[in-house]
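An overview of the molecular structure
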Amino acid sequence: MKSSIFGMKRDVWFMQQALKEARKAYVKDEVPIGAVVVNAEGAIIARAHNYVEKKHTQFAHAEIGTIGGC
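Note on numbering: residues in each chain are counted from 1, in written sequence order. Only residues with pLDDT of 70 or above have their local features reported here, since the model is predicted, and side-chain atom pairs are shown and tallied only from 80 upward, although totals for entire chains, interfaces and linings are computed over all residues. Side-chain descriptors were evaluated using all non-hydrogen atoms of the structure, hydrogens and water having been removed beforehand.

**Overview of the packing of aromatic side chains**
The geometry of an aromatic ring pair comes down to the distance between the two centres and the angle between the two planes. Whether two aromatic rings pair depends on their centres lying within 6.5 Å, for rings of Phe, Tyr and Trp, where Trp uses its six-membered ring; planes under 30 degrees apart make the pair stacked, over 60 edge-to-face, and the rest tilted. Following the criterion strictly, the structure yields two aromatic pairs and no others. One aromatic cluster in this structure is built from F6, W13 and F14.

In structure tokens form, the structure reads like this:
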């Protein structure tokens, strides 16, 4: 498996951060999906989790939430 420019260890850490967001959605009875956006320096600049069920809109997906957080 190929890693990003940050290396496998850092990629795993980014995924763990996205999973933390997914857990937040899960405890709120949402679909457990989380997302993070990473800049070129390797810093997380946005994070979000699903809240589609609560907001009743497709714009409440985790991926959309991270874009709004950038």
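Structure shown, so let's carry the discussion forward.
**Structural notes on the environment of H49**
Runs of H or I in DSSP of at least four residues are treated as helices and runs of E of at least two as strands, each being numbered from the N terminus. With respect to the helices, strands and loops of the structure, H49 is situated in strand β2 (residues 44–49). When the C-alpha atoms of H49 and V31 are compared, they prove to be 8.8 Å apart, with 18 residues separating the residues in sequence. Within the structure, H49 has its side chain in polar contact with the side chain of E21 (distance 3.0 Å). Pairing of N or O atoms within 3.5 Å defines a polar contact, subject to two protein rules: one partner must be a possible hydrogen donor and the other a possible acceptor, and residues neighboring in sequence count only if both atoms are side-chain atoms. A distance of 3.1 Å separates the side chain of H49 from the side chain of K28, its partner in a polar contact.

**Structural notes on the pairing of strand β1 (residues 34–38)**
Any two strands with at least two DSSP-identified bridges between them are counted as paired. Note that β1 and β2 share five bridges and pair antiparallel. Considered in β2, the bridge of V38 is made with I44. Counted along the chain from β1 to the antiparallel partner β2, the turn is five residues long, and its residue G42 has a positive phi close to 90°.

**A short note on the side chain of N50**
You can see N50 is positioned in the loop between β2 and α2 (52–55). Polar contacts involving the side chain of N50 include one to the main-chain amide nitrogen of A62, which spans 2.7 Å. With sequence-adjacent residues up to four places away left out, N50 is seen in contact with A25, E30, V31, I33, A60, H61 and A62. Should any heavy atoms of two residues lie within 4.5 Å, those residues are considered in contact.

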